[in-house]
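Now for the letters of each chain:
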Amino acid sequence: MAGSYTKKEFSVGPEEQTLLKDSNGTRIVPAKGYIKTSYNTFKIPTGTEPVRLSPGWEGTGRPDDELNFKGVTMDQAELELNPPKDRLNIIFCIMILHGIGILMPWNMFITAKNYFVNYKLSKEYTGIETNYATNFLSYLAFAAQIPNILFNWLNVFIQFGGNLTTRIVWGIFIQVLIFVCTVILAMTDSSDWPGAFFWITMISVIILNTANGIYQNSVFGMVAKLPTKYTGAVILGTNISGTFTAIINFLAQYMAPNARTAAIYYFITALFILLACFDTYFALPINRFYRYCELLHQKGINKRQLENSTRGKHDTLPYWKIFKQCFPQCFNTFFIFFVTLSLFPSVHSDIISSDPNFIVPPDYYSTVMCFLTFNITALIGSSIASLVQWPSKRYLIIPVALRILYIPLFLLCNYKPKGILRTLPVYINNDWIYFLIAITMGISSGYFSSLSMMYCPRMVDSQYMATAGMFGAASLITGIFTGILFSMVMPILVFHIHELIRSR
């Protein structure tokens, strides 16, 4: 080919593609409006415009490796060309299941209070009077939450056991082993060694919640790679967990002939749930929608790493920067669970009926008005959050802060803690008003906690979403732990606060 040519740099428009390049990599375009060959002379539309190929693959701005199909599998290319959907909401349901598994250990041991206090550690079973039954729930709370909160925070900065897959798998596996040991203990006659049984149970709870802390934190890191509503699915599962555990406990007690058999059925159910979580986690990579989300997340990470490498930045996680960006939502999560756990179940379950003719009988008052009401309304709140996200990230702090008003409202109800003489007058002595307060508390807890956990990973860049999700999970556990601690102050308040007010 003969003719006059000029060189044009690559800074031309994104769709401009040429057919020839010289040895230096610069584009060669005709200097005038003609191309002359030994056979003919061809006229092109404009004198200096390159030949255009539209749409141009190079015009997409992709890295050279992708332009040459290097490192891109046919499966990845097909996923990008035809983005899949979550058919039948399979991934959504799996995340709900993992949400149930996250709080399963805590709910199992708390709900099994009658098994431990009134059976295994009771005077009728052991034949001796001990303080193990009296202080069981206090010991259990500390044994469960201290390792949980410790390893949740450490897991943000130190990857125990490697990547997310390793941590989730080992976390579930250790929990399964502990529940197997718990079933064996339920089968064993421990009447001659109640002290040993008590401390074995406490050690089991410590190990169980250590593994659960790593598992829980890793699940939120995993789900942060998916669209926002899937984080809400995990929170929805945590709210379902309480209701599910209470129902299983009731059915086990109703169907079993004695407390020992009921406990065996009850703890075996936890094994099935954890094994289901184990199996479904390995089923995730088979799902095309999940692979597509992981592909998008990984591409975002690769793009940012490429930008950082060109700027000479080190590839280390800026933890402080991530924490500052997601701190508003971490605080929202913390404060929601702090208020909720300050009242539920300690204060909530000790509120008694003011009307002897109320529709709920006294024997079932706490079960219906506290446990059933809270778990169902929290479940409803989480479900709503999957459909509606309001208020926005910026203004969520307002309703979250206002939830502090639930603490004095519950104390003003007919709250009668055991062993404490209440001196504060009862100002809310209508059961229906108390029921309405309980409903709004449960719904707001489920709804706002789901929103804050959804928003948390979206406060940072895509490559930091998993870490932000872990910060959110650690804030959740911190809120639970501090709420449980603060709930111990409530009986003191209703005993002394009236005297303090009168003295002033």
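Residues numbered from 1 in each chain as written. Predicted model: local features only at pLDDT ≥ 70, side-chain atom pairs only at ≥ 80, totals over all residues. Heavy atoms only, no water.

## Some points on unusual backbone geometry
Inference 1: Residue Trp390 is joined to Pro391 through a cis peptide bond whose omega torsion reads 5 degrees.
Inference 2: Of note, Pro391 is situated in the loop between helix H13 (362–387) and helix H14 (397–402).
Inference 3: Unlike most non-glycine residues, Leu88 shows phi in positive territory, near 60 degrees.
Inference 4: Locating Leu88 in the fold gives a position in the loop between helix H2 (74–81) and helix H3 (90–111).
Inference 5: Accessibility expressed as a relative area gives 76% for Leu88, which makes it exposed.
Inference 6: Notably, Asn89 is not glycine yet its phi reads approximately 55 degrees, a positive angle.
Inference 7: When you line up the elements, Asn89 lands in the loop between H2 and H3. (Helix = DSSP H or I, 4+ residues; strand = E, 2+ residues; numbered from the N terminus. Buried < 20%, exposed > 50% of the residue type's maximum accessible area, 1.4 Å probe, protein only.)

## Focus: the pattern of salt bridges
Inference 1: Applying the stated criterion to the full structure yields one salt bridge.
Inference 2: The partner of Lys225 in a salt bridge is Glu294, and the shortest N-O contact between them spans 3.9 Å. Residue Lys225 is found in the loop between helix H8 (194–223) and helix H9 (228–255), and its partner Glu294 is found in helix H11 (residues 288–310); the two are separated by 69 residues along the sequence.
Inference 3: With a relative accessible area of 32%, Glu294 lands in the partly exposed category. (Salt bridge = Lys/Arg side-chain N within 4 Å of Asp/Glu carboxyl O.)

## Section: the environment of Leu208
Inference 1: As for its position among the elements, Leu208 is in helix H8.
Inference 2: Separated by 103 residues in sequence, Leu208 and Pro105 have C-alpha atoms that sit 7.3 Å apart.
Inference 3: Aside from chain neighbours lying at most four places away, what touches Leu208 is Pro105, Phe109, Gln175, Ile178 and Phe179. (Contact = heavy atoms within 4.5 Å.)

## Concerning a nonpolar patch on the surface
Inference 1: On the surface, Phe327, Phe331, Tyr395, Ile397, Ile398, Leu402, Ile404, Leu405 and Leu409 cluster together into a nonpolar patch covering about 790 Å² of accessible area.
Inference 2: Those elements that place two or more of their residues in the nonpolar patch are helix H12 (319–343) and H14.
Inference 3: Sorting elements by how many residues they give to the nonpolar patch places H14 first, with three residues.
Inference 4: Relative to the assigned elements, Ile404 resides in the loop between H14 and helix H15 (406–411).
Inference 5: On the accessibility criterion, Ile404 (33% relative accessible area) is partly exposed. (Patch = residues over 30% accessible without salt bridge, like charges linked within 9 Å, V, L, I, M, F, W, Y side chains within 5 Å. Areas by Shrake-Rupley, 256 points an atom, 1.4 Å probe, with all protein chains shown as cover.)

## Quick look at the side chain of Ser487
Inference 1: When you line up the elements, Ser487 lands in helix H17 (residues 465–487).
Inference 2: Take Ser487: its relative accessible area is 10%, and that puts it in the buried class.

## Brief notes about the confidence of the model for the protein chain
Inference 1: With 81% of its residues at a pLDDT of 70 or more, the protein chain has an overall mean of 81.
Inference 2: The weakest mean pLDDT in the protein chain belongs to strand E1 (residues 5–8) at 43; the strongest belongs to H14 at 97.
Inference 3: Every residue in residues 25–32 is under pLDDT 50, and counting partners more than four places away or in other chains gives 42 contacts.
Inference 4: Segment residues 64–69 is flagged for pLDDT under 50; beyond a separation of four residues in sequence, or across chains, it makes nine contacts in the model. (pLDDT = per-residue confidence, 0-100.)

## Overview of the environment of Met490
Inference 1: Looking at the secondary structure, you find Met490 in helix H18 (residues 490–503).
Inference 2: When the C-alpha positions of Met490 and Ser346 are compared, they lie 8.7 Å apart, and in sequence the two are 144 residues distant.

## Some details on H3
Inference 1: Look at H3: 29 Å from first C-alpha to last across 22 residues, which is about the 32 Å you get at 1.5 Å a residue.
Inference 2: Roughly 50 degrees is the biggest bend found in H3, and it falls at Met104, with proline Pro105 one to four residues downstream.
Inference 3: Counted residue by residue, H3 has 18 buried out of 22 residues, so it is predominantly covered. (Expected span 1.5 Å × (residues − 1). Bend = angle between axes of the 7 residues up to and from the residue.)

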